[in-house]
Amino acid sequence: MYVFTVVAENRVGRSQQSSPLRVKTQEEAPSGHPQNVRVVPVSSTALQVSWEPPHENLTHGTVLGYYLGYKDDSESEGGAYNFTTVGVDSVGVTTATLAGLRPHARYSVVLQAFNSRGAGPASPPALGTTLEDKPGAPPGHVTCETVTSSSVVVTWSPPPPRQANGIITNYRVTYTQMFSHEDGRTGSVVSEGLRATLTGLKPWTNYSVSVAASTRAGEGVQSLPLVCTTEQDVPEAPARVKAVVSGPRAAVVSWAPPLRPRGRITRYTVHWASAGSRSMPHTRRVGPHVTHLTLHDLPHTTHEVWVTASTRMGEGPKSSVTVVTPSHTVGAGIWAVGGNLTAAWKEDVSLPCGAVGVPEPVLTWSHETLHIPDSHSRFTVQPDGTLTLTDIQRSDSGQYTCTASNHHGVDSVTYNLTVLVPPSAPSLHVTETTASSIRVQWSVEDTGGASLQGATLHYRSAGGEWMTAEVEGSHRAYTAKGLRCGTLHHFYLTAHNHIGTSTASSTVEARTKGRPPEAPPQFQFVTSNSSQATLYLAQWSDGGCPISHYSVQYRLAGMAHWTTVGSEIPPSRTYAVGGLDAGERYELRVTAFNSAGATPAHYKVITPGRGGTGMGVSAGGGVWGGAAPTSPVWRDPRVLVPAAVSALALLLTVTTVCVCLRRRPTNTPRQKEVPEGVSSSGEEKTAMQAREDVYTTVRRPPPAPPQSTPELRDHNGEYSEEDIYPYATATFQLGGGSPPPPAPPSPPTHSRPHSRGQNGFTALVYQAPSLHDVDSPNLSERESRQSRGGFPYEGSETEDYGSVLDAEARVPPHHRRQRHLRTRSPAMSGSPKLRRPLPQHLHQHTLRPARHPRQ
């Protein structure tokens, strides 16, 4: 941009500068690059780039924007930059944010400024690294190796480098005991390497193991569960060893399997010996499925009996010792050991009741002290005394007792049966909603006797497909994300343990936040001209859910058929409905859609005629289905306000013209030629004298006696400067017309009266704007003198100061502003002489300097 001004100069001096002329050269592409480019991470997926514009003398035009290029430089990858355009607004943009980047990745960033002629050079690459994030992938190749019966070694490999999302600081190994009727034992181990040893585990137990990597941003995704089994160990001792006499030299020994077998039982070994004997005990091995053994050829002495169990790791400790003494009298005895028994819902269970005695004992069964009849629908007593329960239910849990009796004695055995069932139906409720998520919580009153292994949440939007989400058994809440905004959703939940799945909870409903779009009022939404209506779509409120599209229809008022302009109009700031006829009334139906629903709105539009003015919009409008507004057009603020302003402006213009015309003089003075007898000595004055002299109009009166006129000149024959009105001229109008104002005052003289037929005159004075006091004290004094003595104008015909034209030519233009001399009205002066006509020889224009009276 260049600015030119011109100054003229002559020998007198230099003129003022001309108005500046601004000239702009044509643009060309910038030759400089943006300065001080800085890249700062703002999140794990975004970088903020800031810079300063190129030097002003290197832009070569108006910078319209910048090309921002970036590429992943974290792995020294080649390739071109990905460019995006950053616009410049009225303020100027020197920052931009790059989003959608990889976490913890190094990026190279360049910038180019561009104008209408093209892009300038790129800035030197600036590097920036996004922040870390949680790993996006789990560790791979997870394996486990059994070391002992209580420890396992777990190994893995790191997540893929591009999904590590940062520097891996450690790994967490989580393990959970599986298939336990009690709450499964859960633990975790943190390792900074790629292996970890899990200790303190139970022998011969299955564990679910998973591994997750962590960065400084947090823990990432866990690997898929891997089942690891610890090594076997020697078993615990068999439980509840029992021995009963079955004959004169025989006894039956029974036992229960170890509570913790710690491996696969390979055999049981029964040991017996005479009480107090120091000899080696007798032993007998039986298979892993045998839980009782009959000993024969026993002497009639007391015998000690115990049992051991073995796995492939060896023989376990011995059980508790029981004693038995064979005799010829064999009373009723039950060799079944009883105890606690757990069974799954809807399975079949057998409760043994092996009995011996001579004579053979009688067996009876009872459930919680209630006798079990032989004809029970689901309970059956087998010939060997075993009670079989089919399709057991939760109500079948409890204590079962078998009693054997003969006339030598009575014996009994008791079982405590626990029936494991699926959990009861969960209680589900909604705790929080957002525009895209709903959080639910639940509780399970009855876990069915076993720990919960998990829950399944079922949900869908109204009319949509069901979706499921699996939740771990230890969790009691879940947030469903990615839901449709402002939409009703249905939820129900099932819980499960190792027995089965509960019945479904009651279905609950919840709506994500958001509502259908809200229509704007008519005056904010639509304007029109003679051929189209402009719709300001951005004025719609989305109700909290983004508007997906619009539908626009129109029709002539009173018509039944709608014309569809578009049914899938994407959101934008404005939309034009063209092809309308001028001077017609139209109805518009606009429908906005979002995920929460659709809102139709109805508007009325009037297209102005060709050349017509106005907004062309009816005052009506509202949500479809409501009453149409009936307010007249002139009540529309967009019509009323401009009309009122225009009317006020017109009124002010007319008023101003009237005032100006009223102040304008009614009679314009007419220029008359100067008589031949008037001296032209005023023309010989120099230009300097013309600037210094002040002129006024003097009416030449009739000749008067010399002695009656006071001498106003000084002793040198010249007028005093203080007696002259500065820069004053006067114009006389003689003849007919409206009565003129009285003559200007002057010092008193002795002149003869004028005749009544003499015409009046009007005095006008042109005075410089700066001479504001020309009419004050001296004029007032002369007014008082006039009232006492006629018209004392100087009557010498030998003094001539030039014609009116000469004075006009010499007075500077800016000193010619018209002002009236103050004169006294005829009523105030009381002199009838003012109405007398002038003599014929005074009907001409003469310029004379006006003189002030000496004080």
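Relevant structure appears above.
The structure contained in this document is the topic of the report that follows.

Cut-offs applied
The written sequence of each chain sets the order in which its residues are numbered from 1. Local features in a predicted model are, by the rule used here, given only for residues with pLDDT of at least 70; side-chain atom pairs are given and counted only at 80 or more, and totals for whole chains, interfaces and linings are based on all residues. The side-chain quantities take in all heavy atoms of the structure and omit both hydrogens and water. Helix and strand assignments come from DSSP, with helices taken as H or I runs of at least 4 residues and strands as E runs of at least 2, each series counted from the N terminus. Burial classification: accessible surface area is computed with a 1.4 Å probe over protein chains only, and a residue below 20% of its type maximum counts as buried, one above 50% as exposed, and the rest as partly exposed. Contact criterion: two residues are considered in contact whenever any of their non-hydrogen atoms come within 4.5 Å of each other. Throughout, the Shrake-Rupley method with a 1.4 Å probe supplies accessible areas, and for residues the shown protein chains are the sole cover considered. When two rings of Phe, Tyr or Trp (its six-membered ring) have centres within 6.5 Å they constitute a pair, described as stacked for plane angles under 30 degrees, edge-to-face for angles over 60, and tilted for the intermediate range. We call a charge positioned above a ring when the Lys NZ or Arg CZ atom is no farther than 6 Å from the ring centre and deviates by at most 35 degrees from the ring normal. Pairs of N or O atoms are called polar contacts if they sit within 3.5 Å, as long as, within protein, a hydrogen donor faces a hydrogen acceptor (for residues adjacent in sequence, only side-chain-to-side-chain pairs). By the convention used here, strands pair only if DSSP detects at least 2 bridges between them. Whenever a pair of cysteine sulfur atoms sits within 2.5 Å, that pair is classed as a disulfide. Residues grouped as a nonpolar core are buried Ala, Val, Leu, Ile, Met, Phe, Trp, Tyr and Cys residues, joined through side-chain atoms within 4.5 Å. Only the contacting stretch of a helix is used when fitting its axis, a line to C-alpha atoms as for every element, and angles between N-to-C directions run 0 to 180 degrees.

Here we look at the overall build of the chain
Next, step 1: Along its length, the chain carries seven helices and 55 strands.
Next, step 2: Within the chain, the fraction of its 855 residues that count as buried is 41%.
Next, step 3: For the chain, the share of sequence-separated contacts (at least 6 apart) that also reach a separation of at least 24 residues comes to 68%.
Next, step 4: Looking at the chain as shown, the accessible area adds up to about 46,200 Å², and 52% of this sits on carbon and sulfur atoms.

Some details on the packing of aromatic side chains
Next, step 1: Overall, the coordinates contain 15 aromatic pairs when judged by the stated rule.
Next, step 2: Here Phe379 and Tyr400 contribute two aromatic rings whose centre-to-centre distance is 6.1 Å and whose plane-to-plane angle is 75°, an arrangement assigned as edge-to-face. One end of the pair, Phe379, is in strand S33 (residues 379-381); the other, Tyr400, is in strand S35 (residues 398-406), with 21 residues separating them in the sequence. Here Phe379 matches Tyr400 in class, with each residue buried.
Next, step 3: These aromatic residues form a ring-pair network of at least three members: Phe525, Trp540, Tyr550 and Tyr603.
Next, step 4: For the cation-ring pair, Lys71 lies above Tyr81, with the distance from its terminal atom to the ring centre recorded as 4.9 Å.

Re the side chain of His303
Next, step 1: Here His303 is to be found in strand S24 (residues 303-311).
Next, step 2: A polar atom in the side chain of His303 sits 3.1 Å from the backbone oxygen of Pro299.

Section: the pairing of strand S38 (residues 438-443)
Next, step 1: Only one face of S38 is buried: it carries Ile438, Val440 and Trp442, and the other face, with Arg439, Gln441 and Ser443, is open.
Next, step 2: With six bridges connecting them, strand S37 (residues 427-433) and S38 associate as antiparallel partners. Residue pairing in the sheet places Ser427 in a bridge with Ser443 of S38.
Next, step 3: From the end of S37 to the start of S38, which pair antiparallel, there are four residues.

Let's talk about the pairing of strand S49 (residues 585-594)
Next, step 1: In terms of burial, S49 is largely enclosed, as eight of its 10 residues are buried.
Next, step 2: Alignment of strand S46 (residues 547-556) against S49, held across nine bridges, turns out to be antiparallel. By the bridge assignment, Gln553 is partnered in S49 with Arg589.
Next, step 3: Note that S49 and strand S50 (residues 597-606) share 10 bridges and pair antiparallel. When the sheet's bridge partners are listed, Thr591 is paired in S50 with Pro600.
Next, step 4: In sequence, S49 turns back onto S50 through a hairpin of two residues.

Concerning unusual backbone geometry
Trans is the prevailing form of peptide bonds, just as negative phi is the prevailing case for residues other than glycine.
Next, step 1: Residues Val358 and Pro359 are joined by a peptide bond in cis, for which omega reads -5°.
Next, step 2: Mapping Pro359 onto the fold places it in the loop between strand S30 (355-356) and strand S31 (362-367).
Next, step 3: Phi at Asn36 is positive, roughly 50°, even though this residue is not glycine.
Next, step 4: Among the secondary structure elements, Asn36 is positioned in strand S3 (residues 35-43).
Next, step 5: Here His104, not a glycine, exhibits a phi torsion of approximately 50°, which is positive.
Next, step 6: His104 sits in the partly exposed class, given a relative accessible area of 30%.

Concerning the state of the cysteines
Next, step 1: Here the structure, examined in full by the defined rule, presents three disulfides.
Next, step 2: Each sulfur in the disulfide pair Cys144 and Cys228 lies 2.1 Å from the other. With the S-S bond torsion at -120°, the cross-link from Cys144 to Cys228 turns out left-handed. Separated by 84 residues along the polypeptide, Cys144 in strand S11 (residues 140-148) and Cys228 in strand S18 (residues 226-229) bring together distant segments of the chain.
Next, step 3: Here Cys485 engages in a disulfide with Cys545; their sulfurs sit 1.8 Å apart. The chirality of the disulfide connecting Cys485 with Cys545 is left-handed, given an S-S dihedral of about -75°. One end of the pair, Cys485, is in the loop between strand S41 (477-480) and strand S42 (488-496); the other, Cys545, is in the loop between strand S45 (533-535) and S46, and 60 residues separate them in sequence. Cys545 shares its class with Cys485; the two are buried.
Next, step 4: In the chain, the bonded cysteines, taken in the order they occur along the sequence, pair up as 1-2, 3-4, 5-6.
Next, step 5: Free cysteine: Cys658, not disulfide-bonded; nearest cysteine sulfur from Cys660 at 9.3 Å.
Next, step 6: For Cys658, a relative accessible area of 46% translates into the label partly exposed.

Comments concerning the nonpolar core
Next, step 1: Membership of the largest hydrophobic core comes to 21 residues, with the highest contact counts inside it found for Ile334, Leu351, Trp365, Leu387, Leu389, Tyr400 and Leu417.
Next, step 2: Of all the elements in the fold, those that place two or more residues in this core are strand S29 (349-351), strand S34 (387-389), S35 and strand S36 (409-420).
Next, step 3: Ranked by residues supplied to this core, first place goes to S36 with four residues.
Next, step 4: In contact with Leu351, not counting residues within four places along its chain, are Leu341, Trp365, Gly385, Thr386, Leu387, Leu389, Tyr400 and Tyr415.
Next, step 5: Counting 20 residues, the second-largest nonpolar core is a separate cluster that includes Val552, Leu580, Leu588 and Ala592.

Quick look at the sheet that holds strand S4 (residues 46-52)
Next, step 1: Taking strand neighbours across the sheet as the criterion, the three strands line up as S3-S4-S7 in an open arrangement whose pairing is antiparallel. One side of each edge strand has no neighbouring strand; the edge strands of this open sheet are S3 and strand S7 (95-98). The average angle at which neighbouring strand axes cross in this sheet is 20°, direction not considered.
Next, step 2: Here S4 runs beside S7; their pairing, made up of four bridges, is antiparallel. Looking across to S7, one finds that Leu47 is bridged to Leu98.

Some thoughts on the environment of Tyr415
Next, step 1: With respect to the element layout, Tyr415 can be found in strand S36.
Next, step 2: Here Tyr415 falls in the buried class, since its relative accessible area comes to 7%.
Next, step 3: Through-space distance from the C-alpha of Tyr415 to that of Val337 is 8.8 Å; in sequence the pair is 78 residues apart.
Next, step 4: Of note is the side chain of Tyr415, whose polar atom sits 2.6 Å from the backbone oxygen of Pro352.

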